[in-house]
Structures are given as C-alpha cells and as structure tokens.
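Examination of the molecular architecture
Read off the chains here:
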Amino acid sequence: MSDIVLQQLEDGLLTITMNRPERRNALNPEMTKALVDAATRAVEDTAVRAVLLKGAGGTFCVGGDVKSMAEGRAPTMFEAKVSTLRERMEVSRILHLMPKPVVAQVDGAAAGAGLSMALACDLRVASESAKITTAFAKVGLSGDYGGTYFLTQLLGSARARELYLTSPVLTASEALALGMVTKVVPDSEVEAAARELAMSLAQGPTVTLGYIKRNINNAETSSLEACFDGEAIHHSRCSETADHKEAAKAFVEKRKPVFQGK
C-alpha cells in the first residue's frame, strides 16, 4: 500500500487521506492510481460502511500537478492519453456510485480535479477559510474527474457554465450559499466535524443508505416510472434487513437503534 494515499479503517469508517502535503495534494499518476485502489477497496470490503476523503497538511486537493505538466513529458499518442486519463478518473465514478456514503473534508483548497472529487462525494464539510474553484479554464483545460457532470447535476447548467467559464475562487460561505457544500465550520473544527458526520453514517443502516444513494443516482437520469420501480424494489429489500427490524423494534421500545450494517 503506497503512503501517497493513506487508509485507516476504524469502526466501519474508512478514512482515505491524500498524502502529498508538500504539493498541496496535487494529483500525480501514483496518487490517482492509489485513490482508485482505495475507492475500490471501500466498495469491496464488507467491513467498510462509510468513507471519509480528506487531504493531509490542511489542504484537500488543488487538482492536477500543474508544475509537473509545465515541465513537459515525452509525447504521448492521443488515444493513450485519453485512455490513461479515463482510468484515473474512475475514482470519482466509484465514489459517486458506491453503495456506501462518502464524506469529503474540504479544507485549504479544493480546485480543479480536487473539486471534482469532492463533488463526487455525497456530503462535503468545509472549513471557513477554504477556497473552492473549478480552475480548469485558467490553465487551459476543459475539466475532468466528472466535475462538469456533478456540478451541473448539483446546481444546474447555467450556474455550472458560470463557474467553469469564469473560474471564480469561492469562499466556503459562498459555496454553502450555492449548495456546493453541506456545512461550514471553523478551521479548528473541520477535522472533528467531518469525522463525526462520516462516523455517524458508518454506524447507520449501511444497506439502506446504499439504496438511498442508488435511488438518488437513478433520479438523475431515469424516468419517473423507473424511479418508482426502483424505490419499490429497494424499499422491499430494506424491509427484509436486520437493521430495519432493529429500527422498528427500537421505535416501539422508545430507544435509539443499534445498527449492524446488515
């Protein structure tokens, strides 16, 4: 396991930490591969019930390593370039689709592909001083890691066009007002707040939370009838889980349910 991306599993919560603090967690090939591997592990490991994605050193991720890009590399065939980028972008797809809730701890900066990955997560906790920007237009790129999809789904195409074409640097409070982040907390509290939220999800009814994600993901592209069908199927499956039975019993007994993720 590479130390460029750290993984820690505790009480059902897998914390994935991008670990290039000296480069403000800018993405390079080694990191992107390690992120895909970590996200894949989160999907496949039944001990993982929720994910917290964060960056080391007080910064989430500033996107691609522009310094490395500027230095230039050996010429690459266009088809190979497309294929390689598509493989690296898988981390966003996996985070978005995995049947487990994912929280991003956004502090310092979330820019470019870093912002795209944060948007791929289900919830985002930002520190008051965080800076958030699409950034791509400023470095002559059109966007990657699903950012145009996630931002359009989240805010609508008009706002997505504005944020991509003009690349403003948003404060955390501005991002909150737009609906880009879930909550904003003081810088000194962001780590604890993000962990508390993620851990509460890790201790929740895991199967049910996965079906909730699937219902909402379906709603992004499916017809009303298809969404109704999916809800009926998923609701029925949830009704057979041990967690639902525990929740019903706890409701009758007027106590807090203890979920096992089953």
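See the structure printed just above.
The text that follows walks through the structure, step by step, so that each part is easy to find.

What counts as what
- Residues numbered from 1 in each chain as written.
- Predicted model: local features only at pLDDT ≥ 70, side-chain atom pairs only at ≥ 80, totals over all residues.
- Heavy atoms only, no water.
- Salt bridge = Lys/Arg side-chain N within 4 Å of Asp/Glu carboxyl O.
- Helix = DSSP H or I, 4+ residues; strand = E, 2+ residues; numbered from the N terminus.
- Buried < 20%, exposed > 50% of the residue type's maximum accessible area, 1.4 Å probe, protein only.
- Pairing = 2+ DSSP bridges.
- Polar contact = N/O pair within 3.5 Å; in protein donor to acceptor, adjacent residues only side chain to side chain.
- Contact = heavy atoms within 4.5 Å.
- Disulfide = S-S within 2.5 Å.
- Right-handed = clockwise from strand over helix to strand, strands pointing away.
- Axes fitted to C-alpha atoms, helices over the stretch in contact; angles between N-to-C directions.

With that out of the way, let us pick up the pattern of salt bridges. When the charged atoms of two side chains with opposite charge come close together, those side chains can pair. As enumerated under the stated definition, the model contains 10 salt bridges in all. With a closest N to O distance of 2.7 Å, Arg93 and Glu90 form a salt bridge. With a gap of three residues between them, Arg93 and Glu90 both fall in helix α4 (residues 90-97), about one helical turn apart. Several salt bridges converge on common partners, so that one network encompasses Arg86, Glu90 and Arg93.

Here the focus is unusual backbone geometry. You will see that Asn25, though not glycine, has its phi angle at about 60°, which is positive. Position of Asn25 among the secondary structure elements: in the loop between β2 (13-18) and α1 (29-44). For Ser167, which is not a glycine, the phi torsion comes out positive at approximately 50°. Checked against the element boundaries, Ser167 lands in the loop between α7 (157-166) and β8 (170-171). Taking relative accessible area as the criterion, Ser167 reaches 1% and is therefore assigned buried.

For the rest of this paragraph, the subject is the pairing of strand β4 (residues 102-106). The element β4 is extensively covered by neighbouring structure, given that five of its five residues are classed as buried. Going residue by residue along β4, you find Val102, Ala104 and Val106 tucked away on one face and Val103 and Gln105 tucked away on the opposite face as well. Two elements, strand β3 (residues 50-55) and β4, share three bridges in a ladder whose sense is parallel. When the bridges of β4 are listed, Leu53 appears paired with Ala104. Pairing of β4 with strand β6 (residues 123-127) involves four bridges; the strand directions are parallel. Across the sheet, the residue bridging to Val106 is Ala126, located in β6.

Tracing the backbone shows His96 in helix α4. With a relative accessible area of 12%, His96 lands in the buried category. A distance of 3.4 Å separates a polar atom in the side chain of His96 from a polar atom in the side chain of Glu220. Once residues lying within four places of it in the same chain are set aside, the contact partners of His96 are Ala120, Tyr149, Phe150, Lys213, Asn217 and Glu220.

Note on terminology: disulfide describes a covalent bond linking the sulfur atoms of two cysteines. Following the criterion strictly, the structure yields zero disulfides and no others. No disulfide involves Cys61; its sulfur sits 11 Å from that of Cys121, the nearest cysteine. The class for Cys61 is buried, based on a relative accessible area of 0%. Cys238 provides the cysteine sulfur closest to Cys227, a residue in no disulfide bond, and the two sulfurs are 16 Å apart. What makes Cys227 buried here is its relative accessible area of 14%.

Among the six residues of β3, six are classified as buried, and the element is accordingly described as predominantly covered. Residues Ala50, Leu52 and Lys54 of β3 are buried on one face, and the alternating residues Val51, Leu53 and Gly55, pointing to the opposite face, are buried as well. By the bridge criterion, six bridges tie β2 to β3 in an arrangement that is parallel. In the strand pairing of β3, Thr15 is matched with Leu52. As for the winding sense of the linkage, the β-α-β connection from β2 through α1 to β3 is right-handed.

Reading across from one edge, β5-β7-β8 is the order of the three strands in this open sheet, with mixed pairing throughout. In this open sheet, the two edge strands, each paired with only one partner strand, are β5 (109-111) and β8. Strand direction decides the pairing type here: β5 and strand β7 (residues 131-133), joined by three bridges, are parallel. Bridged to Ala109 within β7 is Lys131. Contacts from helix α5 (residues 113-120) reach β5 and β7, with the element oriented near 95° to β5.

By themselves, these observations are geometric and do not establish any function.
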